[in-house]
Amino acid sequence: MRHPGGCVSLPATSAEARSSCGRHRVVTLNIEGMLFEVDGVWHEVKLDAPLPALTGVSGTGKSTTLEVVWWTLAVESAKLMDAAALCSRVGFVARIGGERWRVTRSTVDRKEDVSFAQSTLSLPEHHPVKRSDSRRSAADYFQDLLGIPRLGAGRTRVTLDLLVPWLYARQRDLPNDYLGRQSKEQRTAVGRVLLGADDVTVDALRQEFGARKKEWGAAKNRVKRILRDREERELPSVEDLQRRGEQWAVQHGQEALKARKAGAVLSDLNSRLAALQEKASGAEEARRAVGVAADDRERTARVLEAAAAEARGRLAGLREAATDPSLCPTCVRALDLTGLSENDCPVCRRFDPERRQRAEEFERRMSRAQQAAERSREAAQRAVRAADEARGRVSDAERVVVEAAAAVRAFTQDVVAPQQRVVVEAEAAVRELAARLEQNAEHLREVAELTELRERLPRLEKDKETAEAAYTAARQDTDLMVKQGTDRWSHHALRRMQACDPEVHTVSISPEDFSVTINGKSFDARVVAGHGMTRANVSVLLALRDAAREVPAMPVPQFLIVDGPFTGLGEGPEDQRSGNALLDGLTDLATVEDPSGAGGQVIIACNELPGTPGPAIREIRTSLADGVIPGLPPQQTTTV
């Protein structure tokens, strides 16, 4: 039964309480133009028509332009193609609901925030490329503007990344893969949200049930694990554990006291050892000082011995000169003394009255040299004796050092080391008993935890069952919504497929995973790819929007972008009829007007349009020489 205003009646369920025709607000999305900044100048490609169509041969930038929409919003699967990357900023102007938004993003600094400006006079909002705990991402903000909730968790959380294949059909996927190659789990999550079955209330019930189930399961598994561990380790009863703990506590105290006493003894022994080591260090220092003094004495003795030897040499020289009269007293050369008297000079052979006086002076020199030699000898002897005595003191000091070191070694080996072993053994016993006590305490804590968990399990199970019942009831209600929604969806899909191909007799969209079956064969089972699959993909997306016009709870914008809707289309009459029907279906969605007055929009890209374009279609022709992005230099073309 249809209510006034295009709403379809549903059974009296909680879904009816969650949404009604009167409260539903249709959110529209129309992209009015694409923006490209080149050399500081903004250029716009106007898309202000129900169905703007980018036409031209491959390579003119049609797909590049469509990808810019999603790349600007930082959708993960979107790609910034080469031509768009030549611009410094890209973006689009869109009307969402009753507001016009200008959305732009830098291609130079790709981590820079995305700008959302609601009007030329208002300050823009900025949202990051990647979401964080404190900030919504650009994609999340755009999804919020569309009014599509982000439900679920993990890889099936319904974000704009998962919504894009339902809003934008890529040319590479249309003739080969269903709904952009989404997994069944992801497709199921998105489909239930777009059919209006899963909302914030249902998602909260699901999360509550999951949390209660997880808490109950964790407690139950913990009980099983504790019981299994106790059985495997053959742990005693609580009374035995307590008695064992008391016994080990007494032993631990005794061993700790023994360890403290042994440590005190060892500390005293270490003090005595330190005194012995200090004594040995003093002896070593004294030995070094005595050695230094002995070295000084030896150096002094050597110096004095050298001086004595020099004095003896001078004395010997004088004696030799005095005992040989044939030698000149001045130059000590052999002289001819024939016919000379005592007072004659042996050199000039003349009478020398001072010769005797010089002889007496020589005698005095001889005497002084002899005395000096004697004194030097005595000083050298005294120095040698002092050096010998110093060496004797060095020997005594070395003996003291050896004795002190031996005393340190003996005290360390015979007294300190045994006491150290006593301390180590006592501390090891203390640690072992402490470990036993901790393990025993852990067993007691496990027993206490086991008791507490056994007491909590009935309540946790009841909470889990209550949450499960609430979620099951909501799920049954929403499953009915999904079944009714997919029935409508299938009906419209059949109508649209038959408009393109009269040989299609049955179309069924599964309420479990939203897969499509055509004439009894699933989309994935079709062997030959081509326009048949393209037509199926486009028809399913159009049919979803047909159903959304009948069910106000479905948050599906009457908006669609299709890149290559005629991919795989042949030249025959049937293919041409199919292409015309498909274009009519796209035009129908673009020109539909919601009871609220909001209109739809379809944007397509293709090589050429089949048939004669209607007034709702605005064709934007492109060429290799003059691409779709204005402001960029023309591409180089070659002629053969």
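Visitor: Go over the pairing of strand β3 (residues 51–55), please, and point to the residues and values.
Guide: In terms of residue burial, β3 counts as a mostly covered element, since five of its five residues are buried. Neither face of β3 is exposed, since Leu51, Ala53 and Thr55 on one face and Pro52 and Leu54 on the opposite face are all buried. Sheet topology note: the β3/strand β14 (residues 617–621) ladder contains five bridges and is parallel. Residue pairing for β14: Leu51 is matched across the bridge by Ile617.

Visitor: Describe the nonpolar core, and please don't skip the residues or the numbers.
Guide: Generally speaking, soluble globular proteins have nonpolar side chains that are buried together. Counting residues in hydrophobic clusters, the biggest one holds 104 residues, and the most contacted among them are Ile31, Trp70 and Ile604. Look past the residues within four positions of Ile604 in its chain and what remains in contact with it is Leu51, Pro52, Ala53, Leu54, Val562, Pro565, Phe566, Leu583, Leu586 and Leu609. Ranked by size, the runner-up nonpolar core spans 10 residues in total, among them Ala280, Val408, Phe411 and Val416.

Visitor: Account for the packing of aromatic side chains, naming residues and giving values.
Guide: Counting across every chain of the model gives eight aromatic pairs. When the centroid spacing of 6.0 Å and the interplanar angle of 80° are considered together, the rings of Trp101 and Tyr141 count as edge-to-face. Of the two residues, Trp101 sits in strand β5 (residues 99–106) while Tyr141 sits in helix α4 (residues 138–146), which places them 40 residues apart along the sequence. Relative to Phe523, the ring of Tyr178 has its centre 5.5 Å away and its plane inclined at 40°; by these criteria the two rings are tilted. Taken as a pair, Tyr178 in the loop between β8 (168–169) and α6 (184–194) and Phe523 in the loop between β11 (521–522) and α10 (531–550) lie far apart in primary sequence, 345 residues in all. Owing to a relative accessible area of 5%, Tyr178 belongs among the buried residues under this scheme. Taken together, the ring pairs in this structure connect Trp101, Phe116 and Tyr141 into an aromatic cluster.

Visitor: I'd love a proper account of the sheet that holds strand β13 (residues 601–606), names of residues and values included.
Guide: Paired through backbone hydrogen bonds, the strands of a sheet run either parallel or antiparallel to each other. Reading across the sheet, the five strands line up as β8-β12-β13-β3-β14 and stay open at both edges, with parallel pairing between neighbours. This sheet does not close on itself; its edge strands, each paired only once, are β8 and β14. Of the strands in this sheet, β8 and β12 (559–563) are in contact with α10, which crosses β12 at around 175°.

Each value, and the rule that gives it
Residues numbered from 1 in each chain as written. Predicted model: local features only at pLDDT ≥ 70, side-chain atom pairs only at ≥ 80, totals over all residues. Heavy atoms only, no water. Buried < 20%, exposed > 50% of the residue type's maximum accessible area, 1.4 Å probe, protein only. Helix = DSSP H or I, 4+ residues; strand = E, 2+ residues; numbered from the N terminus. Pairing = 2+ DSSP bridges. Core = buried A, V, L, I, M, F, W, Y, C linked by side-chain atoms within 4.5 Å. Contact = heavy atoms within 4.5 Å. Phe/Tyr/Trp six-rings, centres within 6.5 Å; stacked < 30°, edge-to-face > 60°. Axes fitted to C-alpha atoms, helices over the stretch in contact; angles between N-to-C directions.

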